[in-house]
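# Remarks on the overall topology
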Amino acid sequence: PLGIVVYPGEKVHHHIFEPRYKQLIKECHESSKPFGIPAVINNRMQEFGTLVEVSEIIQVYENGEMDIRTQGLQVFRVLEVIRKVPEKLFSGSIVNYPENEIDEGNRKLMQNVIRGIKELHRLLNISKDFKKPEEELMSYDIAHHAGLSLEEEYELLGLFKELQRQEYLKRHLQKVLPMLMEMEQLKEKVKLNGHFRNLSA
């Protein structure tokens, strides 16, 4: 359980230091098995999480701690938590895998969402590389770049149609962009009022 939301296809780096997770990662890597990361919000484990695979163990330290690279595979729903697994330090769960539509959704809508995210980044004066051509981008590729809260990222994880996820991002951007534009105008006003202006006679 981690206080993050991982999306299918997403690459995430982790530093592993707890004995139970060192055991988990070692076993998963040796047997080429994936493991699950259920989302934790406000110290509570949530119903949905993401199955991930260890794509690389980057470094193993003398004390057994590890830096690893993982990739998200698919969303799961927790049906039952198993606190004690025989001969394991880590806990487990019985899960199922909701049917999840990962298709193009509405391409025109997606283009509008991408434009909105670029405008968001412009207003925040940040630069992001999506590492994919625009025409290949899906909602999961850009969700972390849209300024969603952890709760909102989790809500998006629980949507199982690409069109629903695109609509969710569109509505979010329609809410935050006007606020940011207002802030930008306010900033410009403060800048102007803070300078002495020469007035010609």
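Residues numbered from 1 in each chain as written. Predicted model: local features only at pLDDT ≥ 70, side-chain atom pairs only at ≥ 80, totals over all residues. Heavy atoms only, no water.

### A word on the overall build of the protein
Selection criterion: The numbering of helices and of strands both runs from the N terminus, where a helix is a DSSP run of H or I of at least 4 residues and a strand a run of E of at least 2. The globule rule used here is 2.2 Å times the number of residues to the 0.38 power, and the radius of gyration it is set against is calculated over C-alpha atoms. Note on classification: 1.4 Å probe, protein chains only; a residue is buried when its accessible area is under 20% of the maximum for its type, exposed when over 50%, partly exposed between these limits. Whether two residues are in contact is decided by their heavy atoms: any pair within 4.5 Å suffices. Here the accessible surface of atoms and residues is derived via Shrake-Rupley with a 1.4 Å probe, and residues count as covered only by protein chains that are part of the display. A positive count includes Lys and Arg, and a negative count includes Asp and Glu. His and the chain ends are not counted in either. Where a charge lies is defined by one atom per residue type: Lys uses NZ, Arg uses CZ, Asp uses CG and Glu uses CD.
In terms of regular secondary structure, the protein is built from 5 helices and 5 strands. In terms of overall dimensions, the protein is more spread out than a globule: its C-alpha atoms have a radius of gyration of 21 Å, far above the 17 Å expected for 201 residues. Projecting the C-alpha coordinates of the protein onto the three principal axes gives extents of approximately 85 × 40 × 30 Å. A total of 201 residues make up the protein; the buried ones form 34% of that total. The contacts in the protein between residues at least 6 apart in sequence include a share of 62% that link residues at least 24 apart. Accessible surface, the protein as shown: approximately 13000 Å² in total, 52% of it carbon and sulfur. The distance from the centre of the 28 positive side-chain charges to the centre of the 31 negative ones in the protein is 4 Å.

### Here we look at the pairing of strand 1 (residues 11–16)
Threshold: Pairing between two strands requires that DSSP report at least two bridges joining them.
Residues V12, H14 and I16 line the buried face of strand 1, whereas the alternating positions K11, H13 and H15 sit on a face that is not buried. The pairing of strand 1 with strand 4 (residues 66–82) spans 6 bridges and is classified as antiparallel. Each bridged residue has a counterpart across the sheet, and for I16 the counterpart in strand 4 is M66.

### Quick look at a nonpolar patch on the surface
The cut-off we apply is this: Every patch collects residues that have over 30% relative accessible area and no salt bridge, joining them within 9 Å if they carry like charges and within 5 Å if they are nonpolar side chains (Val, Leu, Ile, Met, Phe, Trp, Tyr). For salt bridges, the criterion is a side-chain nitrogen of Lys or Arg within 4 Å of an Asp or Glu carboxyl oxygen.
Taken together, L79, I82 and I94 make up a surface patch of nonpolar side chains, about 240 Å² in accessible area. Within the secondary structure layout, L79 lies in strand 4. On the basis of relative accessibility, which here comes to 51%, the residue L79 falls in the exposed class.

### Describing the pairing of strand 4
One face of the sheet, then the other: side chains in a regular strand alternate in exactly this way. As judged from the 11 bridges shared by strand 3 (residues 44–60) and strand 4, these two strands associate in the antiparallel manner. Residue pairing across strands places F48 opposite R77, the latter belonging to strand 4. What sits between the antiparallel neighbours strand 3 and strand 4 is a turn of 5 residues, in which G64 has the positive phi angle 90°. As defined by bridge partners, strand 4 adjoins strand 5 (residues 92–96) across 5 bridges and the pair is classed as antiparallel. Across the sheet, V81 pairs through a bridge with S93, a residue of strand 5.

### Points about the confidence of the model for the protein
Filter applied, for reference: Residue-level confidence of the predictor is summarised by pLDDT, bounded by 0 at the bottom and 100 at the top.
With 95% of its residues at a pLDDT of at least 70, the protein reaches an overall mean of 92. Ranking the helices and strands of the protein by mean pLDDT puts helix 4 (residues 150–157) first, with 98, and helix 5 (residues 162–193) last, with 88.

### Side note on the pattern of salt bridges
Overall, the coordinates contain 12 salt bridges when judged by the stated rule. Notably, a salt bridge pairs E152 with K175, separated by 3.4 Å at the nearest N-O pair. Taken as a pair, E152 in helix 4 and K175 in helix 5 lie far apart in primary sequence, 23 residues in all. Of the charged contacts in the structure, one is a salt bridge between E162 and R165, with a shortest N-O distance of 3.1 Å. With E162 and R165 both in helix 5 and 3 residues apart, this pair spans about one turn of that helix. By the burial criterion, E162 is buried, and R165 matches it.

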